[in-house]
Amino acid sequence: MAVKNNCDNMHAKMSYYYGYINGRSNMVLSKINFVPPNRFDFVYSNLWKVEVPNKVKAFGWRCFKNKIPTRDSLLKKGILLASLNLMCVFCDEVSESPSRSFMMCRHSGKVWKDMAEWIGMDYCNPMDFKESFWVWSSFCHQKKVKKGKEGVVWLAILWSLWLSRNEIIFNSSPCNAHDLIWSCKVLVWRWSGIEKITHPNCNFYELSKNPLFYLS
């Protein structure tokens with residue numbers, strides 16, 4: 001899918017803040033510019049404010065740091081041998097690494113795309129975990145999602161992918177994107193707390209039809 005306008009606008013804003021504007025009257029923004037590598041470091045504090053289990057927030061933090069034990073990192077530490085299978089467990093097309101396997105591979109990309117459509121967001125390929133979290137939580141904030149809930153959908157996707165990855169490796173479970181997407185939605189419902197707080201009569205079926213309404 002082509003990158004949508006809202007994603008272009010977000011990147012343009014970041015180019016504005018961290019790039020330069022030329023002297024002409026039309027003030028054309030540079031698309032490349034000299035963007036500092038720590039431009040999204042502010043999302044660390046936002047991550048810890050999301051109302052999900054602490055172990056999930058800790059996992060998100062490790063993803064920001066690229067410190068999760070994927071096959072490429074285990075190879076670098078000498079835990080896995082180069083002669084073993086180092087391919088992504090989802091698509092078996094690229095070597096497994098945090099960003100490639102959990103955001104960019106064909107299988108995980110479908111999960112992100114379908115979940116984006118579920119909340120009415122135009123999907124775009126992220127550059128890294130921190131940028132992805134910023135894009136998703138900013139969209140939810142714009143849609144008036146309650147404070148503490150803006151990052152729930154993003155973390156539900158990431159955590160579901162991690163659990164699915166481990167099930168495939170350790171229990172030889174099949175890789176099923178459709179089931180994984182529903183697992184993401186169930187986690188959003190469980191973590192939202194809406195059945196006790198805002199909409200006491202809401203059930204999972206109602207949430208699945210209009211998620212942002214019940215998160216707002």
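Cut-offs used in this document
- Residues numbered from 1 in each chain as written.
- Predicted model: local features only at pLDDT ≥ 70, side-chain atom pairs only at ≥ 80, totals over all residues.
- Heavy atoms only, no water.
- Axes fitted to C-alpha atoms, helices over the stretch in contact; angles between N-to-C directions.
- Helix = DSSP H or I, 4+ residues; strand = E, 2+ residues; numbered from the N terminus.
- Parallel < 35°, antiparallel > 145°, perpendicular 65-115°, else oblique.
- Left-handed = near helix turned anticlockwise from the far one by under 90°.
- Contact = heavy atoms within 4.5 Å.
- Core = buried A, V, L, I, M, F, W, Y, C linked by side-chain atoms within 4.5 Å.
- Buried < 20%, exposed > 50% of the residue type's maximum accessible area, 1.4 Å probe, protein only.

Caption draft 1: Just the packing of helix α6 (residues 106-118) against helix α9 (residues 177-192), in detail. Contact pair α6 / α9: the axes reach a minimum separation of 10 Å and the direction vectors enclose 45°. Here α6 is positioned oblique relative to α9, judged by the angle of their axes. Our pair here, α6 against α9, has a crossing hand that is right-handed. For the pair formed by α6 and α9, the contact residues are His107, Lys110, Val111, Asp114, Met115 and Trp118 on the first element and Ala177, Leu180, Ile181, Cys184, Lys185 and Val188 on the second.

Caption draft 2: Spatial organisation of the environment of Cys140. Looking at the secondary structure, you find Cys140 in helix α7 (residues 129-142). Linking Cys140 and Leu215, residues 75 residues apart in sequence, is a C-alpha distance of 9.1 Å.

Caption draft 3: Geometry of unusual backbone geometry. A positive phi is found at Asn66, a non-glycine position, where the angle reads about 55°. With respect to the element layout, Asn66 can be found in the loop between α3 (54-64) and α4 (71-76). The backbone phi angle of Ser172 is positive, close to 55°, even though this residue is not glycine. Within the secondary structure, Ser172 is located in the loop between α8 (152-171) and α9.

Caption draft 4: Just the nonpolar core, in detail. Counting residues in each nonpolar core, the largest one holds 55 residues, and the members touching the most others are Trp112, Met115, Ile119, Trp136, Trp154, Ile157 and Trp191. Elements supplying a minimum of two residues to this core: α2 (43-48), α3, α5 (98-104), α6, α7, α8, α9 and α11 (211-215). The element best represented in this core is α8, accounting for 11 residues. Not counting residues within four places of it along the chain, the set of residues in contact with Trp154 comprises Phe64, Trp112, Phe129, Ser132, Phe133 and Trp136.

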